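Residue-level structural notes
Residue strings, one per chain:
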Amino acid sequence: MHETTQELTIRAATRSDRLAICTLLQQAWHSGGTARWDQLDALEADCGAVLVCRGTQTVGFCLFDLRAAPVARLSAAAIADRENVGSIWKELWPASEQHLRERGIRFVHYIGEAPWLLEVLQEHGFQQVNTLISYERTLEGPELSGHPHVRVRPARPEDLSTVEQIDAASFPLLWRYPRAMLEAALRSNPHLAIAELDRRPVGYALSTFEGEEGQVVRLAVLPEYRRQAIGSRLLMEALSHLRRGRVRRLSLNTQGDNTAAQKLYERFGFRRIGDELPVLEKALEG
Ligand SMILES: CC(C)(COP(=O)(O)OP(=O)(O)OC[C@H]1O[C@@H](n2cnc3c(N)ncnc32)[C@H](O)[C@@H]1OP(=O)(O)O)[C@@H](O)C(=O)NCCC(=O)NCCS
């Protein structure tokens, strides 16, 4: 690290900062998270970033996914090697909070394992609230048929509000799935399925695949209908859908404190993989 005399400036990023963000994220030792190009295309809309610049050089940034407002996710952050991490973060983080508040964000979370980032976030008021566990299995494995009288059908655009309600009844604010992502799921490759019992929508599942990799992204059953094998039925239907693609491996993840989901996935033969990732959260004041 060497000291430089040029002034620091802080500002919200625009789409023209995409390359600077990606370059710093790839090159800096102090970097964490991911920034997809399509995500950066949504800068100033579904995604926001705050930059610290020294002269014309970007020396630090925080990138946020804003699709689940009022909850934001810190998707990525990095600080240039020649800079002092603590000093830059002291400038960057208050400006980031201000940026988030202006965009209606009340909670921000980070899921990841970059040690330097965990440390600076904790120093700035974040607390670990959970962990994230990943699972995988192949398509050959145990299957439970699930509730025999539940009808599982593809969701239609007019089901979106219902799916949103099931999601809100099933997950705390931090884990809710934003409407925009459900809409996107209906428009593209993911498979959004809805479970009905006596014509009443009682659960939904969202699964997706790319090449041979499949993922069960969401699974939820209304609280009053749980433990009736409806989750099993939805999971089985999601597996059947993925089997019709060329999928060979399946993955999913869930919260470290979600015993119900863990038990369900383990009954279906999913095995835990990788380390548990810390989930940190901070409520924004004001
Ligand atoms: C996880 C969830 C989808 C399970 O749905 P469900 O319809 O209750 O699941 P099933 O009835 O098919 O349960 C199948 C098995 O999973 C296990 N299981 C499910 N819920 C459980 C619980 N609360 N405690 C312990 N084991 C549980 C049991 O082994 C169960 O079999 P059993 O009832 O014969 O003992 C449901 O609890 C839910 O919507 N939770 C909130 C949203 C969520 O956490 N989604 C998954 C995380 S991404």
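Look up a bit, the structure's there.
Reading the values: the criteria
- Residues numbered from 1 in each chain as written.
- Predicted model: local features only at pLDDT ≥ 70, side-chain atom pairs only at ≥ 80, totals over all residues.
- Heavy atoms only, no water.
- Pairing = 2+ DSSP bridges.
- Helix = DSSP H or I, 4+ residues; strand = E, 2+ residues; numbered from the N terminus.
- Near = heavy atom within 4 Å.
- Polar contact = N/O pair within 3.5 Å; in protein donor to acceptor, adjacent residues only side chain to side chain.
- Areas by Shrake-Rupley, 256 points an atom, 1.4 Å probe, with all protein chains shown as cover.
- Nonpolar A, V, L, I, M, F, W, Y, C, P; charged D, E, K, R; others polar.
- Core = buried A, V, L, I, M, F, W, Y, C linked by side-chain atoms within 4.5 Å.
- Buried < 20%, exposed > 50% of the residue type's maximum accessible area, 1.4 Å probe, protein only.
- Contact = heavy atoms within 4.5 Å.

**Remarks on the pairing of strand E7 (residues 127-138)**
In the sheet, E7 pairs with strand E13 (residues 271-283) via eight bridges, with the strands oriented antiparallel. The partner of Thr 131 across the bridge, within E13, is Pro 278. Where E7 meets strand E12 (residues 249-255), seven bridges bridge the pair, whose relative direction is antiparallel. Looking at E12, one finds that Ser 134 is bridged to Asn 253.

**What about the site of the ligand?**
In the vicinity of the ligand, 21 residues are found, and the nearest of them are Leu 219, Gly 231, Ser 232, Asn 258 and Arg 267. Contact between the ligand and Gln 228: an oxygen atom at 3.3 Å from a main-chain N or O atom of the residue. Within the contact set of the ligand, an oxygen atom lies 2.3 Å away from a side-chain nitrogen or oxygen of Arg 267. In the complex, the protein chains occlude 79% of the 910 Å² of accessible area that the ligand would expose alone. Of all the elements in the fold, those that place two or more residues in the shell around the ligand are strand E11 (213-221), helix H7 (230-244), E12 and helix H8 (259-267). With six residues, the single largest contributor to the shell around the ligand is H8. For the shell around the ligand, the residue count by class is ten nonpolar, seven polar and four charged.

**A short note on the nonpolar core**
Grouped together as the largest cluster of nonpolar side chains are 50 residues, with contacts concentrated most on Tyr 204, Ile 230, Leu 234, Tyr 265 and Phe 270. Here this core takes seven residues from H7, the largest share from any one element. Not counting the four nearest positions on each side in its chain, Phe 270 is found in contact with Tyr 135, Glu 136, Arg 137, Leu 239, Leu 250, Leu 252 and Tyr 265. Val 50, Cys 62, Ile 79 and Ala 80 belong to the second-largest nonpolar core, a separate cluster that totals 46 residues.

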